Each structure stands twice: as structure tokens, then as C-alpha cells.
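Breakdown of the fold
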Amino acid sequence: MIDTDVLIIGAGPTGLFCAQQLGIIGLKCEVVDNLDKIGGQCIELYPGKPIYDIPAIPECTGEELTNNLIEQIKPFNFNFHLSDRVQKINNKNDKWHVKTLKGKEFIAPNIIIAGGVGSFEPRKFPPKSCEKFEGNSVLYSIKDKTIFKGKTVVIFGGGDSALDWAIELSKNSKVTLVHRRDEFRGAQASVEKIKELQKEKKIDVITKSSINDVKGNKTLELVEIKNDDGKIISINADYALGFFGLIMQLGPILDWGLNINKKTIPVNTENFETNKKGIFAIGDICSYPGKLKLILSGFHEGALAARGCFKYARPNEKYRFEFTTTSKTVKDRIGIKE
Ligand SMILES: Cc1cc2nc3c(=O)[nH]c(=O)nc-3n(C[C@H](O)[C@H](O)[C@H](O)COP(=O)(O)OP(=O)(O)OC[C@H]3O[C@@H](n4cnc5c(N)ncnc54)[C@H](O)[C@@H]3O)c2cc1C
């Protein structure tokens, strides 16, 4: 059981900046995110795209913003629990008991939900038979590309991820790219590259087809593909990779007894607390009159929610407002030597 002042759900820009604000006021926190990396939508949906409306930063990409936010909270050494989803919460004696899908448990007087548009989950292959191999030879993301070296890989999808990985893995693996349409949705340069590799017989491309079944014992041995005319072909395969994009689901958050309005959590704008004492919601997931779904709004909301947590985490202390510029206590917390 991990005992902390605040459990933050979501490591998007809002959750990250809120962690910084908690650190500044002397509170501890733990951060859980369903993704395998830190950064939320910025890192998952537009890492390379420039953002132009972060205060005082004329231009930075989603990845640069994430890296800067991570850098800013380094002094506090907060723990991140990635690839895990907060599943259940219960209140006992004014403390929240939190359980994740992977079985981690936390106890905290405060929970800050910075869950954005919900947890990102990959769209999976429809055949039930794929579940048996999931995480082992049926994959929806790649953590270590070296496992595919010298192997036979069937990649499904028509967007950038499917094309990029088909191009990359064709260097060291036998790759078949399968797409249900004739045209690919990815960047033109990638589509051209795929055609070139196909001509050079470095990659097989099958269109107007989708996965029908997978077969094997402990690991995958065969992938069945069905075309639009109902014809089925089998391909020997060590891996089947699906890149069909992500679905965003509020999932378990819906079961926690919180007021929900059109997939968002209504909050008060004084401290961003929800209808449950000690549960706050900030960023894209919260709603109030005039809410702007922008990163800069999430930063402001996180600053106020952090102060809102103080009274439950330190019931016998009075919160004192301090500037980072002038407060010795804050500078000590950040590790600034003068
Ligand atoms: C293409 C695009 C361009 C954009 N451009 C701009 C821009 O120029 N300027 C701007 O200000 N905004 C922009 N935005 C919007 C901006 O990205 C969002 O406002 C911002 O990411 C919201 O941050 P967040 O931290 O609230 O949520 P998110 O970034 O969505 O992060 C939420 C995190 O919570 C996790 N999560 C959810 N539920 C759970 C759970 N139960 N357990 C564990 N983890 C969970 C998710 O996996 C996710 O990582 C853009 C968005 C998109 C899609």
C-alpha cells in the first residue's frame, strides 16, 4: 500500500504541472497513467506538431512541452506508475483507497483526476482467438523492435503507425502489410516508400482484406486473412501487429459516484473539487461554465486543485501563499542553492 498526499490520475500536461504545484507547496504525490509513456495527448497524438499558445513559449512541439514539464518536476522525485489504470476507489475514514488494474494500491486523502478524454486504449482485432496471444505475439504497440529481427510479421492498418512500422521492420524482418481499403491514410511520403519496397519485393502488401482468425499453440503460427470477396488466405507468422488507432474511454471513472455531464466531471472553480470530498478534476476532463479545453487552462486548474488538496493532507497546518521567486522554503524544495 503506497501512502501519499495526492494520487494523480493522468500524466498529461495538466497532471504533470499539477504535480509541480503540489511539490512547490510541499505535498507528495504519485501519478498513474494508462499509457506506457508520460505526456497524455501531447505525446500520444501530436508529439511532433508545434503548439503556439503555451504562455511565454512562442512555439514548442508536444514532445518538447512534455519534456519540459518532466524536467520541471524532477527535483521532487515523484513516482510514475505507467501502463496501469486506476480501477476502483473506496473511502474509509476520510482517506481514499485506490486500486489499479495491475493490483497496485494507494491510500491518500486526495485524488486529482487529470484523465483528459479518458484512458487511451488500442482498438483491437475483432476475432476472439487473438486474446490468447495478446501481449506476446499479437501486439498493438511496439516497445522493443529488436524482438522482430529475422521473424515473419503481419502488420494490419492503413495509417501512419502501420506504414511507419512496416517500413522500419522490413529492414530486418519479413513483413506483410494488410489493409482493408485500397488507399492508405498515412503520409504521402510513407505511401510512396511502401510502394517502392513492394516493387523491390522487400514487403508484401495485401489490400481490401482484414484479419479473420489466428492460430497457434503457445505462440502465434498462422494468420488467416479474408478479402472483400470472402476468400481466405493463410500466412505463416510469428507476430500479428494491429495499428487501428486508439479509443478513449472514461471507463472506470464512470463508476465512482461522481457527477458526470457529457463525459466530463463538473467541478467548482474555487478549488476544482467534484461532488466527492477530496476528489478533484482538472484539465480536459472537468467542466464548468466557460471551460476552455486548452493546456493553459489545465495549468491554472492544477494550481488551484493543488491548494485545495492542502487542507485535507495537512489538516493542522495553515496554507501560506508564497512566490517561487522569493520563498526560501520553496527554493529548498526545488533544490535551488543560493
Ligand atoms: C491534435 C491536437 C492538437 C492540439 N493542439 C493544442 C494546442 O495547440 N494548444 C492547446 O492548448 N491544446 C491543444 N490540444 C488539446 C490539448 O492536448 C489538451 O487540452 C490537453 O492534452 C489536456 O491535457 P490533460 O492532461 O487534461 O489530458 P490528456 O492529455 O488527455 O491526458 C490524460 C491522461 O490520463 C490518462 N488516464 C485517463 N483515465 C485514466 C485512468 N483511469 N487510469 C490511468 N490513466 C488514465 C490517459 O491515458 C492520458 O494519458 C490539442 C489536442 C489535439 C488532439
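The structure contained in this document is the topic of the report that follows. (Residues numbered from 1 in each chain as written. Predicted model: local features only at pLDDT ≥ 70, side-chain atom pairs only at ≥ 80, totals over all residues. Heavy atoms only, no water.)

1. Looking at the packing of helix 1 (residues 13–24) against helix 6 (residues 295–313)
Each packed pair of helices is defined by two parameters, the angle between the axes and the distance between the axes. Across the interface, helix 1 lies against helix 6 with an axial gap of 8 Å and an inter-helix angle of 40 degrees. What the angle tells us is that helix 1 and helix 6 run oblique. Note on packing geometry: the crossing formed by helix 1 with helix 6 is right-handed. Here helix 1 contributes Pro-13, Thr-14, Phe-17, Cys-18, Gln-21 and Leu-22 to the contact with helix 6, which in turn contributes Ile-295, Gly-298, Phe-299, Gly-302, Ala-303, Ala-306, Arg-307 and Cys-309. (Axes fitted to C-alpha atoms, helices over the stretch in contact; angles between N-to-C directions. Helix = DSSP H or I, 4+ residues; strand = E, 2+ residues; numbered from the N terminus. Parallel < 35°, antiparallel > 145°, perpendicular 65-115°, else oblique. Left-handed = near helix turned anticlockwise from the far one by under 90°. Contact = heavy atoms within 4.5 Å.)

2. Overview of the site of the ligand
Near the ligand you find 31 residues, and of these Asp-33, Gln-41, Tyr-46, Asp-53 and Asp-284 are the closest. The contact in question runs from an oxygen atom of the ligand to an N or O atom on the backbone of Pro-13, over 3.4 Å. Contact distances for the ligand include 2.8 Å between a nitrogen atom and a side-chain N or O atom of Asp-53. When the ligand sits alone it has 1000 Å² of accessible area, and the protein chains cover 86% of it. Contributing elements (two or more residues each) for the shell around the ligand: helix 1, helix 2 (40–44) and strand 11 (119–122). Per-class residue counts for the shell around the ligand are 14 nonpolar, eleven polar and six charged. (Near = heavy atom within 4 Å. Polar contact = N/O pair within 3.5 Å; in protein donor to acceptor, adjacent residues only side chain to side chain. Areas by Shrake-Rupley, 256 points an atom, 1.4 Å probe, with all protein chains shown as cover. Nonpolar A, V, L, I, M, F, W, Y, C, P; charged D, E, K, R; others polar.)

3. Some details on the packing of aromatic side chains
In this description, a pair of aromatic rings is defined by centroid distance and the angle of the planes. For the structure shown, the criterion picks out ten aromatic pairs. Taking 5.5 Å as the distance between ring centres and 20 degrees as the angle between the ring planes, the aromatic pair formed by Phe-76 and Phe-78 counts as stacked. Both rings, one in Phe-272 and one in Tyr-288, keep their centres 5.5 Å apart while their planes meet at 75 degrees; by these two values the pair is edge-to-face. Placement of Phe-272 in the loop between strand 21 (265–266) and strand 22 (279–281) and of Tyr-288 in the loop between strand 23 (286–287) and helix 6 is noted, with a sequence separation of 16 residues between them. Note on Phe-272: relative accessible area 1%, which makes it buried. Every member of this aromatic cluster is reached through a ring pair, and the members are Phe-125, Tyr-140, Phe-156 and Phe-244. (Phe/Tyr/Trp six-rings, centres within 6.5 Å; stacked < 30°, edge-to-face > 60°. Buried < 20%, exposed > 50% of the residue type's maximum accessible area, 1.4 Å probe, protein only.)

4. So, the side chain of Glu-30
Considering the arrangement of structural elements, one finds Glu-30 in strand 3 (residues 29–32). Lacking a salt bridge, the buried Glu-30 has Lys-28 as its closest oppositely charged neighbour, with an N-O distance of 7.1 Å. A distance of 2.6 Å separates a polar atom in the side chain of Glu-30 from a polar atom in the side chain of His-81. In this view, Glu-30 contacts Ile-2, Thr-4, Val-6, Leu-7, Ile-8, Asn-79, His-81 and Phe-106; residues no more than four positions away in its chain are not counted. (Lys, Arg positive; Asp, Glu negative; His and termini not counted. Salt bridge = Lys/Arg side-chain N within 4 Å of Asp/Glu carboxyl O.)

5. A look at a negative patch on the surface
Together, Asp-182, Glu-183, Asp-228 and Asp-229 make up a negatively charged patch on the protein surface. Within the fold, Glu-183 resides in the loop between strand 14 (174–178) and helix 5 (188–199). Owing to a relative accessible area of 61%, Glu-183 belongs among the exposed residues under this scheme. (Patch = residues over 30% accessible without salt bridge, like charges linked within 9 Å, V, L, I, M, F, W, Y side chains within 5 Å. Charge placed at Lys NZ, Arg CZ, Asp CG, Glu CD.)

6. Some words on the sheet that holds strand 8 (residues 95–100)
Here four strands make up an open sheet; going across it, the order is 1-9-8-7 and the pairing mixed. Both outer strands of the open sheet, strand 1 (2–3) and strand 7 (86–92), are each paired with one neighbouring strand and no more. (Pairing = 2+ DSSP bridges.)

7. Overview of the packing of helix 4 (residues 160–169) against helix 5
Put simply, helix 4 and helix 5 touch, their axes get as near as 10 Å, and they point 40 degrees apart. Comparing the axis directions of helix 4 and helix 5 gives the class oblique. Classified by chirality, the crossing of helix 5 by helix 4 is left-handed. Contacts from Leu-163, Asp-164, Ala-166 and Ile-167 in helix 4 reach Ser-190, Val-191, Lys-193, Ile-194 and Leu-197 in helix 5.

8. Quick notes on the pattern of salt bridges
With the rule as written, the count across this model stands at 17 salt bridges. Glu-44 is the salt-bridge partner of Lys-37, the closest N and O atoms lying 2.9 Å from each other. The salt bridge involving Asp-204 is made with Lys-174; its shortest N-O contact spans 3.3 Å. Taken as a pair, Asp-204 in strand 15 (residues 204–206) and Lys-174 in strand 14 lie far apart in primary sequence, 30 residues in all. Judged by its relative accessible area of 48%, Lys-174 falls in the partly exposed class. Via salt bridges that share partners, Asp-36, Lys-37 and Glu-44 belong to a single interconnected network.

9. A short note on the environment of Phe-133
Tracing the backbone through its elements, the reader meets Phe-133 in the loop between strand 11 and strand 12 (138–139). Classification of Phe-133 by relative accessible area gives buried; the value is 1%. As for Phe-133 and Asn-217, which are separated by 84 residues in sequence, their C-alpha atoms are 9.2 Å apart. With residues near it in sequence (within four places) discarded, Phe-133 still touches Val-138, Val-214, Lys-215, Gly-216, Asn-217, Lys-218, Thr-219 and Leu-220.

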